[in-house]
Amino acid sequence: MQRILTGILLFLSSVAYGQTERVYLTAEKDTLKLALNSEGRPLYYFRNIYTPVCNTGECKPVYINFYWDLLGNYTRFTMPANEVLTKTDHREFQEKDYAKLQEILAKETSIFSELKMEDLVVKGTEKISDSVDMKTGATLKTIKNEVIEGAVFTCYTLWHLAHGKITTEISGITETLTDTTLLHEFLQSNNHHYQYQAMDKVINTAGHVTAAYEEDITRIIEGKNIFTARYALQKADADFFADKQPWLWETANKAVYPLQMAIYKKMAGLVLTDKVALKVAQSLTGNQEQVKSKLAILAAQPKLSQAVKDQLGPRLNDLFQKHSN
Amino acid sequence: MIFSKNIQTDMYMKRNLMILFLFITLHATAQRHVYVEAESFENKGGWVVDQQSFVVIGSSYLMAHGMGKPVKDASTTVTFPAKGKYRMWVRTKDWAPFPTGPGKFTIWLNGKQAGQVFGESGDVAWKWYDAGMVDINNEKVQLSLKDLTGFNGRCDALFFTDAPKFTPPNKLEDLNALRRKLLHQSAEPGDGGNYDLVVIGGGIAGTCAAISAARMGLKTALIQDRPVLGGNNSSEVRVHLKGDIDKNYYPKLGRIVREMDNGDPGNGNPDANEYGDARKIQIVKAEKNLSLFLNTHVYKLEKDKDKIIAVTGRNISTNKEMRFTGTYFSDCTGDGTVGYLAGADFRMGRESKAETGESLAAEKADSFTLGTSNLWASVAKDTVSGFPETPWAMQFSDEYHIDQKQSDWEWETGFGNFNTIIDAEKIRDHNLRAIYGNWSYLKKSKADKYGKQELAWVAYIGGKRESRRIIGDHVLTQMDIQEGKLYPDGSVTATWTIDLHFPDAKNSKYFEGQEFFASTKHIKVAPYTIPYRCLYSRNISNLFMAGRNISTTHVAFGSTRVMRTCGMMGEVVGFAASVAKKYKTSPRGVYQQHLPELMNILKGE
């Protein structure tokens, strides 16, 4: 399927009016291609790779297509038409081997990143060395799970191709292509690498959020990925939340617990409007930590309205006693 | 076994052991109290007995460990002193108050639910919950715990009182006093016997120590606080044996370890049988000089000056107590429980570089320890299955989750942020929140890969790595190890790297201060020997140690702690105890006056 798709793209590149790919040359003089959509916007990078895979002097050629996202994170591979991967004994890869290869290549960190080939296998063979567990702390069994037996060299070589220098070259190219459209696309994507990278561009170190991207940042905070949500929440300054306090409070109430607690903590650093402060005072329920955090939000306010004080009633003293020391 | 009892002011007591509960005569004005320990339920259904928090809450408890599927009811018959209205109190907790936990259960009296749903209060503290008034229309009441979720609901005890204003205490001291008054402790402990060597702790080290001593002709007791032997290598924890036995300086060592070895199933194998629990017990039971006491948690100790006279253990489910006297004792508890109770010098955490001169030591001494693992495994099934949502667990996303069908050693919590001993329950629960949160994410968001995988096993017993280290006449250091010093009393040969775990960097990034995943650096060592002087206490004159709680620095412990090595320490303790007995001397006396004889035994001469 993917192979067909690539085939189509290549075909389009030669006949369509719009440009569908752009070709770059890497530092090692390899061809790197950037796929574009019909409007000429960047989609992803890919390479049609030919590499020798060598084991103690004996080499075999491997043909394979690799794909990376716009920041150089490996995403997938396809096999060129009529090409297959083989194991030491020349048996062809089965479907499950290809699936396993994808799993192996998809790992950002792998035993291959810390090991050299000679650490991994018994010299002159592709047999995994019994002592490899001593070097990684992983059990031999785990290591066997992380490689394809009989194709250790292939896995090793390809993993390093997928995660090598190319990744920084790619992000370097994308840097030159970055514009407001791409930043919006990045922030609105499901790719957290894109989101973090764009957040660092639209939120400065003091926490100021560039106005044009405020909407994108709110979507991230209320989004599904609690890690990007927490990052945006913690990075953005009080000004960003100034006109979004009711929304922030609602978001906290809907959020999963750890994010909810992070939002409460953030709110304790904001000067709340009377209206939102009152909402907080009206909801002093939940478990001990939740109540404590909400009280902390109120205790941190420079002043509380009469309505909030009335709402707190006897808890008002509680609030100041608890937080005066 | 159920205990019930009535209190009156003059505390006139009468025991009726025939029906196995304590009974006190009742005056007209007396309050009627009935105290039911959950772990003593006659029929535990699918609930498990957990004694891991004994040092904190003074009791074992029942837990519904169903990996997300409600477990079968636990039930028992309780005998009340009289019919009437009682207030029911339930001692429980919400183990995952984020904001409220999943450990929900109800209580049923004679087939009718009594009181509220428990385990979802949002409060992590163990305490008594008022469950309202219940009518007891018959002296014999069928009491059941009904688990609602399979997610580790837990119950320590139930308490019935006809005194409307009586609130059972939450403070441990007071609670222990109440328990003592109402239950077991008012009776004398049973006689566990008198032994040459009492080994406390039935992990690999303790089991090997007991077998070794018994084979040397010593009358030996082996006391273990679980129903199985093997500790971290039992099916309850499922860590495989590491450390080599084929590079021994003294080839006689390692023979008993080899008997314990059930092959290498790796860590966290889904098949419990791979760990050979039954075989280990059979080997021990085959020893004529060896008495085995399973399910017995030692918590009390008697001393005469610098000598241990006796230890008392409590059965983790019946709560029956036994007292064991002996000439020598061996602390193979891992936590150094016996040494601690005896006032032995010990160390916990890391020494500083300045103190030990070790290059791998911390800059400053601190309380950092290696963590505790709760391993788990899933297996492939023919059909797609679901898994409950786990909002109370740790939360994962596509960006960060652990993409694994089975755990390995890296699943580990407690790097100085939790105390291995007093926070054992928190650590286990933290591990469970990581496991279940991650599994729930995988099942829902990676259905292609995990749809047909089903959790087959999750450990509820934590596999601890590091606790107290009892200080001996020698403290093994990194230099001893790396310089391969062969002391005259060098005994066990150790081969494992200096393997000091720390939180995995990526895990720290996402769960700072809440890490549950580890990394390590292996510092290679050449085979080296552990001096015999690391295997006995420097200030308790009849106390041996074997296992992770021997006399080493934190750094050296990183290498000595693996189980084949620990098992060989046990073997040495057995041999040394036999020499000590022969000459009526102390463990130190063996070193000072009879070392050649001990070494000859190790040499097989």
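Above this text you will find the structure in question.
Below is a summary of the structure that appears in this document.

Scoring rules and cut-offs
- Residues numbered from 1 in each chain as written.
- Chains lettered and ligands numbered in written order.
- Predicted model: local features only at pLDDT ≥ 70, side-chain atom pairs only at ≥ 80, totals over all residues.
- Heavy atoms only, no water.
- Helix = DSSP H or I, 4+ residues; strand = E, 2+ residues; numbered from the N terminus.
- Rg over C-alpha atoms; globule rule 2.2 N^0.38 Å.
- Buried < 20%, exposed > 50% of the residue type's maximum accessible area, 1.4 Å probe, protein only.
- Contact = heavy atoms within 4.5 Å.
- Areas by Shrake-Rupley, 256 points an atom, 1.4 Å probe, with all protein chains shown as cover.
- Polar contact = N/O pair within 3.5 Å; in protein donor to acceptor, adjacent residues only side chain to side chain.
- Buried area = accessible area lost by both parts, 1.4 Å probe.
- Salt bridge = Lys/Arg side-chain N within 4 Å of Asp/Glu carboxyl O.
- Nonpolar A, V, L, I, M, F, W, Y, C, P; charged D, E, K, R; others polar.
- Pairing = 2+ DSSP bridges.
- Axes fitted to C-alpha atoms, helices over the stretch in contact; angles between N-to-C directions.
- Parallel < 35°, antiparallel > 145°, perpendicular 65-115°, else oblique.
- Left-handed = near helix turned anticlockwise from the far one by under 90°.
- Phe/Tyr/Trp six-rings, centres within 6.5 Å; stacked < 30°, edge-to-face > 60°.
- Lys NZ or Arg CZ within 6 Å of the ring centre and 35° of its normal.
- Disulfide = S-S within 2.5 Å.

Structural notes on the overall build of chain B
Next up, step 1: Scanning chain B from terminus to terminus reveals 15 helices and 30 strands.
Next up, step 2: Computed over C-alpha atoms, the radius of gyration of chain B comes to 25 Å, within 12% of the 25 Å expected from 2.2 N^0.38 for 605 residues, which places it in the range of a compact globule.
Next up, step 3: For the C-alpha atoms alone, the extent of chain B along its principal axes is close to 75 × 65 × 45 Å.
Next up, step 4: When the 605 residues of chain B are sorted by exposure, 62% land in the buried category.
Next up, step 5: Sequence separation of at least 24 residues holds for 76% of the intrachain contacts in chain B that already meet a minimum separation of 6.
Next up, step 6: Element-wise, carbon and sulfur atoms account for 51% of the exposed surface of chain B, whose accessible area totals about 22,000 Å².

Details of helix H12 (residues 226–235) of chain A
Next up, step 1: All buried positions along H12(A) are accounted for by A:Ile226, A:Phe227, A:Thr228, A:Ala229, A:Ala232 and A:Leu233.
Next up, step 2: Looking at the packing, one finds that the buried side of H12(A) touches helix H10 (192–202), helix H11 (214–221), helix H13 (238–242), helix H14 (245–254) and helix H15 (257–267) of chain A together with helix H11 (505–510) of chain B.
Next up, step 3: Taking the backbone nitrogen of A:Phe227 as reference, a side-chain oxygen 2.9 Å away marks A:Asn225 as the first, capping residue of H12(A).

Examining the interface of chain B and chain A
Frequently, the measure chosen for interface size is the accessible area that the parts lose on association.
Next up, step 1: With 27 residues of chain B at the interface, the matching set in chain A holds 24 residues.
Next up, step 2: Here chain B and chain A share an interface that buries about 2,000 Å² over both sides, 53% of which is from carbon and sulfur atoms.
Next up, step 3: Summed over the shared surface of chain B and chain A, the result is one salt bridge.
Next up, step 4: One salt bridge connects A:Glu103 with B:Lys449, and the closest N-O pair in it is separated by 3.5 Å.
Next up, step 5: Where chain B touches chain A, the interface holds seven residue pairs in polar contact (both at pLDDT 80 or more).
Next up, step 6: Contributions of two or more residues to the side of chain B that touches chain A are made by H11 and strand E28 (518–523) of chain B.
Next up, step 7: The element best represented in the side of chain B that touches chain A is H11(B), accounting for three residues.
Next up, step 8: Looking at side-chain class alone, the side of chain B that touches chain A contains ten nonpolar, ten polar and seven charged residues.

Section: the sheet that holds strand E9 (residues 105–109) of chain B
Residue and element names in this part refer to chain B.
Next up, step 1: Across the sheet, four strands lie side by side as E7-E12-E9-E10; this open sheet has antiparallel pairing. The open sheet has two edge strands with one neighbour each: strand E7 (74–79) and strand E10 (112–118). When the angles between neighbouring strand axes are averaged without regard to direction, this sheet yields 20 degrees.
Next up, step 2: Inspection of the sheet shows E9 paired to E10 by four bridges, in the antiparallel sense.

Quick look at the packing of H11(A) against H12(A)
Residue and element names in this part refer to chain A.
Next up, step 1: Here H11 crosses H12 at 130 degrees, and the two axes come no closer than 7 Å. When the axis of H11 is compared with that of H12, the two are oblique. In the packing of H11 onto H12, the handedness of the crossing is left-handed. Of the residues in H12, those touching H11 at Ile217, Ile220 and Ile221 are Thr228, Ala229, Ala232 and Leu233.
Next up, step 2: Residue classes in the contact of H11 with H12 are distributed as six nonpolar, one polar and no charged.

As for the sheet that holds strand E3 (residues 42–55) of chain A
All names here are of chain A.
Next up, step 1: Read from one edge of the open sheet, five strands run E1-E2-E3-E4-E5, paired in antiparallel fashion. The open sheet terminates on both sides in strands that have one partner only, identified here as strand E1 (21–25) and strand E5 (74–78). Here the average twist between neighbouring strands, direction ignored, is 30 degrees.
Next up, step 2: Inspection of the sheet shows strand E4 (residues 58–68) paired to E5 by four bridges, in the antiparallel sense. If you follow tryptophan 68 over to E5, its bridge partner there is tyrosine 74.
Next up, step 3: Helix-sheet contacts for helix H2 (residues 95–106) involve E4 and E5, and the interaxial angle to E5 is about 155 degrees.
Next up, step 4: Set on the sheet, helix H7 (residues 152–163) makes contact with E3, E4 and E5; between it and E3 the angle comes to about 145 degrees.

Description of the pattern of salt bridges
Residues and elements named next belong to chain B.
Next up, step 1: Tallied over the entire structure, the rule returns 56 salt bridges over all chains.
Next up, step 2: For the salt bridge of arginine 323 with glutamate 302, the shortest nitrogen-to-oxygen distance reads 2.8 Å. Of this pair, arginine 323 sits in strand E19 (residues 321–331) while glutamate 302 is found in strand E17 (residues 296–304), placing the two residues 21 residues apart along the sequence.
Next up, step 3: Since its relative accessible area comes to 29%, arginine 323 is described here as partly exposed.
Next up, step 4: When its relative accessible area of 30% is taken as the criterion, glutamate 302 is described as partly exposed.
Next up, step 5: In this structure, the salt-bridge partner of aspartate 366 is arginine 350, at a minimum N-O distance of 2.7 Å. Taken together, the positions of aspartate 366 in the loop between helix H7 (353–356) and strand E21 (372–373) and arginine 350 in the loop between strand E20 (346–347) and H7 put the pair 16 residues apart, joining distant regions of the chain.
Next up, step 6: Exposure remark for arginine 350: the relative accessible area of 24% places this residue in the partly exposed category.
Next up, step 7: Residues joined in a network through salt bridges with shared partners are Asp50, Lys93, Arg154, Glu425, Arg428 and Asp429.

Quick notes on the packing of aromatic side chains
Next up, step 1: For the structure on display, the rule yields 51 aromatic pairs over all chains.
Next up, step 2: Linked through ring pairs, A:Phe227, B:Trp376, B:Phe396, B:Tyr400, B:Trp411, B:Trp439, B:Tyr450, B:Tyr510, B:Phe511, B:Phe516 and B:Phe517 together constitute an aromatic cluster.
Next up, step 3: Here the basic side chain of A:Arg76 rests over the ring of A:Tyr44, its NZ or CZ set 5.8 Å away from the ring centre.
Next up, step 4: Over the ring of B:Phe368 we find B:Arg350; its NZ or CZ atom is 4.2 Å from the centre of that ring.

Here's the deal with the state of the cysteines
Residues and elements named next belong to chain A.
Next up, step 1: This model, assessed by the stated rule, comprises one disulfide over all chains.
Next up, step 2: Here cysteine 54 engages in a disulfide with cysteine 59; their sulfurs sit 2.0 Å apart. A torsion of 110 degrees about the S-S bond marks the disulfide between cysteine 54 and cysteine 59 as right-handed.
Next up, step 3: Under the relative-accessibility criterion, cysteine 54 is labelled partly exposed at 33%.
Next up, step 4: For cysteine 155, which is in no disulfide, the shortest distance to another cysteine sulfur is to cysteine 54 and amounts to 15 Å.
Next up, step 5: Relative accessible area serves as the criterion here: at 0%, cysteine 155 is assigned to the buried category.

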